[in-house]
Amino acid sequence: MKLSILPLLLLAVLGTARAADYPLDAPAPDGRRPGGTLSQTLASPTIANDENKDLKRERNYPDQPPTIPHSIRGYQIDKYGNKCLTCHSRANSAKTQATMISITHYMDRDGQPLAAVSPRRYFCDQCHVVQSDAKPLVGNSFENIDKLLQDDANAARKP
């Protein structure tokens, strides 16, 4: 048993010696926050402003949760209260003219209707997100199915 530990200790010592030779001022890998070195800590980018246009966005795929078209900074959404329900609940949506939350949020996991919002659908910001004016971190060439079908139909019409 002691013999099996000795090679592991030898590898650990050699690995530590190898890591000590690695220069800490080597360029850091370019990821979402490019630039700097491994030993350098760069300042975080500023948080982008929330979009506050109150306009519904088009969904990109079936069953996509709708995005939140207004700021929710400072909203209480925890086990003690849910600020979203003051406008979007079944009881308040007619008064506030806000979109009522989906009827599926009033069902249990077996599809049985409930009088109140299901506990598993209570924390809105688990699925619904606020849009921001942030520059995209990575490129995106996504095209929804309607665009793909339209492009296909246009290509079929061309001689």
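Residues numbered from 1 in each chain as written. Predicted model: local features only at pLDDT ≥ 70, side-chain atom pairs only at ≥ 80, totals over all residues. Heavy atoms only, no water.

Draft legend 1. Broad picture of the packing of aromatic side chains. A full pass over the atoms with the stated rule returns 1 aromatic pair. The interplanar angle of 85° and the centroid separation of 5.2 Å between the aromatic rings of Y122 and F123 together place this pair among those described as edge-to-face. For the cation-ring pair, R90 lies above Y106, with the distance from its terminal atom to the ring centre recorded as 3.9 Å. (Phe/Tyr/Trp six-rings, centres within 6.5 Å; stacked < 30°, edge-to-face > 60°. Lys NZ or Arg CZ within 6 Å of the ring centre and 35° of its normal.)

Draft legend 2. Structural context of the nonpolar core. Judged by nonpolar contacts, L85, I101, Y106, V117 and Y122 together constitute the single largest core of 5 residues. Discounting chain neighbours no more than four positions away, the residues touching V117 are L85, I101, H105, Y106 and Y122. (Core = buried A, V, L, I, M, F, W, Y, C linked by side-chain atoms within 4.5 Å. Buried < 20%, exposed > 50% of the residue type's maximum accessible area, 1.4 Å probe, protein only. Contact = heavy atoms within 4.5 Å.)

Draft legend 3. Molecular detail of the pattern of salt bridges. Throughout the structure, instances matching the rule amount to 4 salt bridges. With a shortest N-O distance of 2.9 Å, K147 and D151 are connected by a salt bridge. Here the residue K147 and the residue D151 both occupy positions in helix 4 (residues 145-157), the gap between them amounting to 4 residues, near one helical turn. Under the relative-accessibility criterion, D151 is labelled partly exposed at 32%. Here the salt bridges share partners, and the residues they tie into one network are E51, K53 and R57. (Salt bridge = Lys/Arg side-chain N within 4 Å of Asp/Glu carboxyl O. Helix = DSSP H or I, 4+ residues; strand = E, 2+ residues; numbered from the N terminus.)

Draft legend 4. Layout of the confidence of the model for the chain. With 82% of its residues at a pLDDT of 70 or more, the chain shows a mean pLDDT of 83. Put simply, helix 1 (residues 2-20) is where the chain has its lowest mean pLDDT, 67, and helix 2 (residues 85-88) is where it has its highest, 95. (pLDDT = per-residue confidence, 0-100.)

Draft legend 5. Structural context of the side chain of N144. Assignment of secondary structure puts N144 in the loop between helix 3 (93-96) and helix 4. A relative accessible area of 14% places N144 in the buried class. For N144, the side chain forms a polar contact with the main-chain nitrogen of D146, separated by 3.2 Å. Among all residues touching N144, those that are not within four sequence positions of it are E58 and N60. (Polar contact = N/O pair within 3.5 Å; in protein donor to acceptor, adjacent residues only side chain to side chain.)

Draft legend 6. Highlighting helix 4. With 13 residues, helix 4 extends 18 Å from end C-alpha to end C-alpha; this agrees with the ideal 18 Å at 1.5 Å per step. The opening residue of helix 4 is N144, an N-cap whose side-chain oxygen sits 3.2 Å from the backbone nitrogen of D146. (Expected span 1.5 Å × (residues − 1).)

Draft legend 7. Representation of the environment of S89. Take S89: it is sitting in the loop between helix 2 and helix 3. For the pair S89 and M100, spaced 11 residues apart in the sequence, the C-alpha separation amounts to 5.8 Å. If we skip the residues at most four places from it in the chain, S89 touches M100 and Y106. At a separation of 3.0 Å, a polar atom in the side chain of S89 contacts the main-chain carbonyl oxygen of L85.

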